[in-house]
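In case you want the letters, here they are:
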Amino acid sequence: MFPSDLWHFLTIGYPVSILIETPILLIGLSNRHPIKRRLLAGVWLTACTYPIVVLVLPLLFVNRSRALYLVVAETFAPVAECILFWLAFGREGEVGKASMWRDFIAIIIANLASLVVGEVLNAYGWFGLLG
């Protein structure tokens, strides 16, 4: 694995992830967030975590199991995104309320959907065809 391969994958995987995650966040984030914020979340949250998941973590897990990489990466991404979203848009009065949990669950589901689609595409060799 070469860093140039990871950069190439980033240019393809990032827009694919946005296309998967943004509709889920549009529907799933609580109604207290305007549509513009939900759209922003679809692009911004992925922009914050995707480079780490795609460029940094694979190099840290060279010669280790893919399963271990996936566990770390797919735990890191939604946890970091929930924290970032809360820091940017959370309110003290929302702590522990249904809207907070709905936002977190939407972010987690969006990440899981992206993971599943990515793994299916990877299993069918779609990503390999692009290089």
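Coordinates for the structure precede this section.
Residues numbered from 1 in each chain as written. Predicted model: local features only at pLDDT ≥ 70, side-chain atom pairs only at ≥ 80, totals over all residues. Heavy atoms only, no water.

Peer 1: Would you explain the overall build of the chain in this entry?
Peer 2: Scanning the chain for helices and strands turns up 5 helices and 0 strands. Helices and strands appear in the chain in the N-to-C order α-α-α-α-α. For 131 residues, the compact-globule estimate of 2.2 N^0.38 gives 14 Å, and the chain sits close to it at 15 Å. Along the longest, intermediate and shortest principal axes, the C-alpha atoms of the chain span 45 × 25 × 20 Å. The long-range fraction of contacts in the chain, counting pairs at least 24 apart against all pairs at least 6 apart in sequence, stands at 75%. Accessible area for the chain stands at about 7600 Å²; split by element, carbon and sulfur atoms hold 73% of it. (Helix = DSSP H or I, 4+ residues; strand = E, 2+ residues; numbered from the N terminus. Rg over C-alpha atoms; globule rule 2.2 N^0.38 Å. Contact = heavy atoms within 4.5 Å. Areas by Shrake-Rupley, 256 points an atom, 1.4 Å probe, with all protein chains shown as cover.)

Peer 1: Is there a simple way to think about the side chain of Arg32 in this case?
Peer 2: Within the secondary structure layout, Arg32 lies in the loop between helix 1 (3-28) and helix 2 (35-60). Looking at Arg32, the relative accessible area reads 19%, which means it is buried. Within the local environment of Arg32, its side chain forms a polar contact with the backbone oxygen of Phe89, the two atoms lying 3.1 Å apart. Apart from the residues within four sequence positions on either side, Arg32 is in contact with Arg37, Trp86, Phe89, Gly90, Arg91, Glu94, Ser99 and Asp103. (Buried < 20%, exposed > 50% of the residue type's maximum accessible area, 1.4 Å probe, protein only. Polar contact = N/O pair within 3.5 Å; in protein donor to acceptor, adjacent residues only side chain to side chain.)

Peer 1: What is the right way to look at the packing of aromatic side chains in this model?
Peer 2: Aromatic ring pairs are defined here through the distance separating the ring centres and the angle between the ring planes. All told, the structure shown has 6 aromatic pairs when counted by the stated rule. Judged by centre distance (6.3 Å) and plane angle (65 degrees), the rings of Phe61 and Tyr69 are edge-to-face. Note on accessibility: Phe61 and Tyr69 belong to one class, buried. Taking the centre distance of 6.2 Å and the plane angle of 75 degrees together, the rings of Trp86 and Phe104 count as edge-to-face. Of the two residues, Trp86 sits in helix 3 (residues 66-89) while Phe104 sits in helix 4 (residues 98-123), which places them 18 residues apart along the sequence. The class for Trp86 is partly exposed, based on a relative accessible area of 21%. (Phe/Tyr/Trp six-rings, centres within 6.5 Å; stacked < 30°, edge-to-face > 60°.)

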